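Structural overview
Residue strings, one per chain:
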Amino acid sequence: MTQTERITLFADVLVPLPVPGLFTYRIPYEMNSIIRTGQRVIVQFGKKKIFAAIVRKLHEQIPSDYTPKYILGILDEKAIVNESQLHFWDWIHHYYMCYPGEVMAAALPGALKLASESKIVLNDQYTFDTQILSDNEFLITEALSIQSQLSIGEISQIVGFQKVMPLIKTMIEKKIIVMEEELQEKYRVKTERVASINELYRDEDQLRQLMDSLSKRAYKQLEILMVYLRETRFPQGDPINVPLKKLLEGAGASSSQFKALTDKQVFVVSEQTVSRLQTYTATHDPAKIILTSHQQEALQSIQQQLINKDVVLLHGVTSSGKTELYIKLIASYLSQGKQILYLLPEIALTTQIIGRLKAYFGKKIGVYHSRYNPNEKVEVWNKVLDFQKDADNEHQIILGPRSALFLPFSDLGLIIVDEEHDSSFKQNEPAPRYQARDAAIVLAQMSGAKVLLGSATPSFESYFNAKAEKFGLTTLSERFGGIQMPDIQIVNMREEKKRKTLQAHFSSVLLQEIKQAVAAKEQVILFQNRRGFSLRLECEHCNWVPECRNCDVSLIYHKKQNMLRCHYCGYAIAVPSNCPTCNSTGIKMHGFGTEKVEEELGIILPELKIARLDLDTTRSKYAFQEIIESFSNGKSNVLVGTQMVTKGLDFDKVSVVGVLNADNMLSYPDFRAFERSFQLMAQVSGRSGRKNKRGKVIIQTYQPKHQMMNYVLTNDYKKLFLHQMSERKKFNYPPYYRIIMIQLLHRDNHLVNLAAYDLAKMLKTNPNYDLLGPEYPIISRIKSLYIKQIIIKFARSQNAAEIKKMVADHIYNLQTTENYKSVRVHIDVDPQ
Ligand SMILES: [Zn+2]
Ligand SMILES: [Zn+2]
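Scope of this entry: the structure provided in the associated data block. The shown structure was predicted, so the numbers you read here are calculated from the model rather than taken from an experiment. Numbers given for residues are sequential positions, taken from 1 along each chain in its written order. Lettering of chains starts at A and numbering of ligands starts at 1, both following the order in which they are written. Local features are withheld for residues below a pLDDT of 70 in this predicted model, meaning they are given only at 70 or higher, and side-chain atom pairs are given and counted only at 80 or more; totals for whole chains, interfaces and linings count all residues. Each side-chain value is derived from all of the structure's non-hydrogen atoms; neither hydrogens nor water enter the calculation.

Bringing the overall build of the protein into the picture now. The helix count covers DSSP runs of H or I at least four residues long, the strand count covers runs of E at least two residues long, and both are numbered beginning at the N terminus. Scanning the protein from N- to C-terminus turns up 25 helices and 34 strands. Each radius of gyration reported is based on C-alpha atoms, and the globular scaling rule is 2.2 Å times the count of residues to the power 0.38. On C-alpha atoms alone, the protein measures out to a radius of gyration of 30 Å, which is about the 28 Å that the 2.2 N^0.38 rule sets for 832 residues. Oriented by its inertia axes, the alpha-carbon framework of the protein measures out at about 95 × 75 × 65 Å. Counting the 832 residues in the protein, one finds 53% classified as buried. We call two residues contacting when some pair of their heavy atoms lies within 4.5 Å. The long-range fraction of contacts in the protein, counting pairs at least 24 apart against all pairs at least 6 apart in sequence, stands at 75%. Here, Shrake-Rupley sampling with a 1.4 Å probe gives the accessible areas, and only protein chains in the shown set may cover a residue. Approximately 39,200 Å² of the protein is accessible, and the part contributed by carbon and sulfur atoms is 49%. Burial classes follow relative accessibility: with a 1.4 Å probe on protein chains only, a residue under 20% of its type's maximum area counts as buried, one over 50% as exposed, and anything between as partly exposed.

Looking now at the packing of aromatic side chains. For this analysis, a ring pair means two rings from Phe, Tyr or Trp (six-membered ring only for Trp) whose centres lie within 6.5 Å, classed as stacked if their planes differ by under 30 degrees, edge-to-face if by over 60, and tilted for the remaining angles. The tally for this structure, following the rule as stated, stands at 20 aromatic pairs. Where W91 meets Y96, the ring centres are 5.7 Å apart and the plane angle is 85 degrees; that geometry is what we call edge-to-face. For the pair formed by W91 and Y96, the shared burial category is buried. Seen from their ring centres, Y463 and Y717 are 4.9 Å apart, and the 85 degrees between their planes marks the pair as edge-to-face. One end of the pair, Y463, is in helix α15 (residues 460-467); the other, Y717, is in helix α23 (residues 717-730), and 254 residues separate them in sequence. On the accessibility criterion, Y717 (5% relative accessible area) is buried. Here the aromatic residues F88, W91, Y95, Y96, F406 and Y434 are joined through ring pairs into a cluster of three or more. Two conditions define a charge located above a ring, namely a distance within 6 Å from the ring centre to NZ of Lys or CZ of Arg, and an angle within 35 degrees of the ring normal. A cation sits over an aromatic face here: K788 above Y776, 4.3 Å from the ring centre. The aromatic ring of Y95 is capped on one face by K804, whose charged end is 3.4 Å from the ring centroid.

We call an atom a donor if it is N, O or S and sits within 2.8 Å of the metal, or 3.2 Å for Na, K and Ca. Water is not counted, so some sites may look partial. Only C539 (SG), C542 (SG), C579 (SG) and C582 (SG) from the protein reach the zinc ion (ligand 1) as donors, at distances of 2.2 to 2.3 Å. Only four donors with every angle between 85 and 135 degrees are called tetrahedral; only four or six donors with opposite donors over 155 degrees apart and all others between 65 and 115 are called square planar or octahedral, in that order; all others are irregular. Classification of the site at the zinc ion (ligand 1) rests on its four donor atoms, whose angles at the metal span 102 to 118 degrees, yielding the label tetrahedral. Counting the intervening residues between successive donors of the zinc ion (ligand 1) yields the motif C-x2-C-x36-C-x2-C. Of this pair, C539 sits in strand β21 (residues 536-539) while C579 is found in the loop between β24 (572-574) and β25 (587-590), placing the two residues 40 residues apart along the sequence. Note on accessibility: C539 and C579 belong to one class, buried.

The following block contains the structure:
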């Protein structure tokens with residue numbers, strides 16, 4: 001008797017943890033024929049933990065140095081991650097110098113990740129106040145602020161003893177932590193109860209008899225039946241199932257009245273899967289958009305260049321009608337049966353964009369919202385995963401913020417990166433610290449797709465690439481519908497102060513413009529780059545300033561709660577009436593934020609209706625949308641906000657824009673400070689102006705002679721670009737040089753200093769890059785961790801991959817040194 005040889009297969013899998021490399025598991029024989037790369041499998045990792053891992057590679061090589069464990073189970077029938085995504089993950093892992101598991105953790109929606117055991121997480125009501133904590137409690141909260149969840153086993157390792165339940169119990173009672181059970185799949189299919197009519201009544205006579213009998217004795221029941229017949233357009237009968245809720249609401253009936261019908265076996269009730277996602281109906285035809293001659297030229301130029309180039313930059317001034325071009329392009333890729341990804345800097349922005357796109361593309365539009373709940377995210381993921389060419393797909397066009405890059409696209413044709421200059425495309429925390437615009441270009445290359453970058457104020461990196469002909473470049477310098485560029489006026493605040501014409505933080509010029517605009521039933525936007533009251537307290541006598549106990553920053557006054565609050569860790573204290581050092585009552589306030597602007601303006605011009613748009617007013621899911629809509633509908637006439645108001649919002653009635661303090665943007669110590677402040681001022685200026693009326697922009701500054709003011713005044717992007725490029729070339733900054741920033745973090749300042757010193761010593765051995773530091777960053781302590789940073793700069797001509805490899809090796813050596821095991825290292829490639 002011959003026996004066919006059994007093949008033993010192995011799988012290299014990714015686990016969603018910050019650990020290097022892949023892990024090899026043995027595949028039980030009976031799974032050989034059903035296992036695929038990209039599936040989730042259950043594996044045991046370490047002594048106890050069970051994870052859903054992703055199969056990265058299948059092979060027959062037995063590991064030489066250890067006996068692999070078996071895969072415990074397969075979670076998915078088919079792959080949930082495709083091969084090209086896995087390549088993209090690899091690229092992120094190498095380029096951004098993070099662990100492969102960190103990419104997986106960032107890419108998969110939370111509900112597709114699962115791990116065993118009870119998990120301890122921070123209570124989201126908890127504000128980080130280290131002073132009230134015992135040492136053990138501190139250690140645990142500190143670990144949780146980094147790792148977001150811990151198992152009970154991990155907690156006992158952290159505190160160094162076994163019986164940790166009493167400690168956990170106290171911490172739960174103190175509302176510091178909560179315990180979550182995470183034993184099964186988090187994604188749940190949503191179902192609803194539906195009713196269908198008994199087959200018997202498909203017969204007309206039977207149905208008539210039924211109706212007769214009901215009309216005599218049970219009128220409500222008859223009404224339910226009528227609603228059913230109407231909904232299903234009986235007897236065509238499509239759909240046969242009608243949600244119970246709809247029947248009852250339609251007939252104004254109660255469930256007991258419905259129950260009578262099921263008792264009579266008129267209806268059969270069952271459960272049906274329903275989508276949580278909104279679908280839209282198209283009302284407009286993209287083909288019917290009539291472009292202006294400028295737009296037409298621009299569209300042709302983009303299409304022409306995309307034949308030979310992978311990326312085209314569309315530099316179109318504010319209100320130049322970029323969206324119409326996007327719609328035309330999307331329509332053309334849609335007709336080729338391709339998937340389209342439309343990236344936006346901040347999800348809040350989608351309110352207006354979705355509105356415009358859904359009118360043209362209806363159910364083809366899918367939104368990947370950062371505020372969606374985990375189940376909704378999985379549903380979007382599955383819709384993209386189920387995309388089939390030549391099918392009538394929903395969600396063929398995805399709108400989303402940077403995380404939408406990770407959706408399982410299989411036939412991507414076009415990626416649009418709208419407002420490509422926006423810094424929120426960069427993820428700063430946690431790893432992977434990727435730049436979504438740059439990553440989108442790589443993803444497109446891997447998928448054979450094209451990229452369109454759009455902005456009124458392109459990032460200097462993108463403009464540099466366009467000038468170097470790496471990208472195509474299309475310029476739209478005319479505003480749509482003949483709207484003129486706004487009239488910009490610089491107000492010298494020093495002068496106003498001297499003449500005593502300042503009222504609070506408002507110049508006489510700005511107040512005059514606000515009054516005129518409101519009198520003419522127009523609207524005003526006021527931009528202040530700080531939220532809250534942004535007031536720092538200072539003692540007049542001894543210059544004492546209240547500071548955060550956990551971070552190296554001063555506390556900010558928040559009027560609503562009458563508290564001083566840390567913007568980094570949430571630590572808060574009551575406002576002191578006396579100075580704690582000299583006991584003086586002369587505590588003064590400095591600076592001002594959006595909340596203060598709102599209050600002051602309300603006092604000066606009490607007839608105004610003022611709305612405010614900032615992080616504090618938009619915490620709930622729909623708050624942003626509500627504020628924007630109510631301003632659009634004229635329910636308020638002044639909108640005060642942080643940079644949120646600069647982000648591509650369109651309002652018809654805004655004629656005046658005020659920049660309250662241009663100086664705090666310019667003084668920011670970063671090589672991008674000029675680029676950023678130009679972008680902010682140009683973007684917010686672009687909100688003003690409408691048909692037949694030129695908009696007015698008032699910029700208040702104490703440095704009216706600053707060269708930046710001239711560039712803003714003349715809207716001379718190109719001149720600023722050239723000026724900045726010569727500076728950056730001279731001082732070795734991007735785009736001429738590449739930067740890698742390494743931060744070392746620890747609770748012990750001395751230890752972090754030693755580690756940074758030793759790492760710098762190792763790194764200094766390479767002549768191919770410049771090394772800066774180690775030094776403290778501007779904020780040298782956050783959430784009780786001291787920070788020391790080292791910056792590596794090297795010319796673009798250098799072999800970046802080689803340098804990264806070397807840097808990674810040195811960091812690995814440092815982290816495996818006994819003394820430094822607890823020092824955390826953050827690597828940021830291309831920091832922003
Ligand atoms: Zn004092
Ligand atoms: Zn703090």
